[in-house]
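Residues per chain are reported as follows:
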Amino acid sequence: MLRINQIPICNSRYLLYRGDKISFSLKLSSKTPGKAFIRTNIGRRKITSEEIIKETEKKQYPAGRDWTDYQMKKISETEFSISLPLLEVGHFEAKTLFLPSDKTDPVWPEGENVTINVESANTRNNNSIYCSFVRQFGDNKSCNKSSEKLEKGLKKLDKKGYTIIPP
């Protein structure tokens, strides 16, 4: 019986960003004539959105028109691969399949689809910590001692409208 292995493995979940690529490979357990495909809704966000709206507003069951098959490139007698650009923000799924030349039913790897969530590219970089309260770290973290000098300094800051956190 022909078995196939997919990388990334089935049931995987990814958080990627618009402009990234995701690569899939499929490996057969033995040489078998045929073609490999990836079935996915990557790149079909508009159709997915239309189906969600029809389901919500018109109570129409989704037809699955957002799924499509892309043929994978043959690397060797038992290996195939494909890289897909992630050009849309959204939630996508994908899974490879192999269609032997002498059969009409595809062979699937065991497990659920790979889930790919694609975020906007501008959320990838330029993130920073808004602020850090240095008194919450280091030697002063558990120090509850108060001094006259510290109290005077805090009162000056209070008069000028500053907020001291923690109080």
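For the structure itself, consult the block above.
Predicted model only: the values in this text are computed from it and were never measured.

The rules behind the values
- Throughout this description, residue numbers start from 1 for each chain and increase along the sequence as written.
- Where totals are concerned, whole chains, interfaces and linings use all residues; where local detail is concerned, this predicted model gives features only for residues with pLDDT of at least 70, and gives and counts side-chain atom pairs only at 80 or more.
- Side-chain metrics in this entry use all non-hydrogen atoms of the structure; hydrogen atoms and water are not considered.
- A pair of strands is treated as paired once DSSP finds two or more bridges between them.
- Helix and strand assignments follow DSSP, with helices taken as H or I runs no shorter than four residues and strands as E runs no shorter than two, numbered in order from the N terminus.
- Every angle, taken between N-to-C directions, lies between 0 and 180 degrees, and every axis is a line fitted to C-alpha atoms, over only the stretch in contact when it is a helix.
- The contact criterion used throughout is that any non-hydrogen atoms of two residues lie within 4.5 Å.
- Expected span of a helix: the number of residues minus one, times 1.5 Å.
- Among buried residues, those of type Ala, Val, Leu, Ile, Met, Phe, Trp, Tyr and Cys that are joined through side-chain atoms within 4.5 Å constitute a nonpolar core.
- Only protein chains enter the accessibility calculation, which uses a 1.4 Å probe; a residue whose area is less than 20% of its type maximum is buried, one above 50% is exposed, and one in between is partly exposed.

A. Inspection of the sheet that holds strand S5 (residues 68-71) at higher detail. Taken together, the five strands give an open sheet; going across it, the order is S2-S9-S8-S4-S5, and neighbouring strands pair in mixed fashion. Among the strands making up the open sheet, the edge pair consists of strand S2 (13-17) and S5. Direction aside, neighbouring strands of the sheet carry axes that sit 30° apart on average. Two elements, S2 and strand S9 (residues 114-119), share five bridges in a ladder whose sense is parallel. Looking across to S9, one finds that Tyr17 is bridged to Glu119.

B. Region of the structure containing the side chain of Thr96. The residue Thr96 is located in strand S8 (residues 90-100) in this model. Aside from chain neighbours lying at most four places away, what touches Thr96 is Ile4, Gln6, Phe24, Leu26, Phe37, Ile38, Met72, Trp108 and Pro109.

C. Representation of helix H1 (residues 45-58). The end-to-end C-alpha separation of H1 is 19 Å, in line with the 20 Å expected for 14 residues at 1.5 Å each. Remark: Lys59 follows H1 within two positions and exhibits a positive phi of approximately 55°.

D. Broad picture of the nonpolar core. One finds Ile22, Phe24 and Ile116 to be the most contacted residues of the largest nonpolar core, which totals 22 residues. Those elements giving two or more residues to this core turn out to be strand S3 (21-28), strand S4 (34-40), strand S7 (79-85), S8 and S9. Looking at this core element by element, the count peaks at four residues for S3. Apart from the residues lying within four places of it in its own chain, the contact partners of Phe24 are Gln6, Ile7, Pro8, Ile38, Met72, Phe80, Ser81, Ile82, Ala94, Thr96, Val114 and Ile116.

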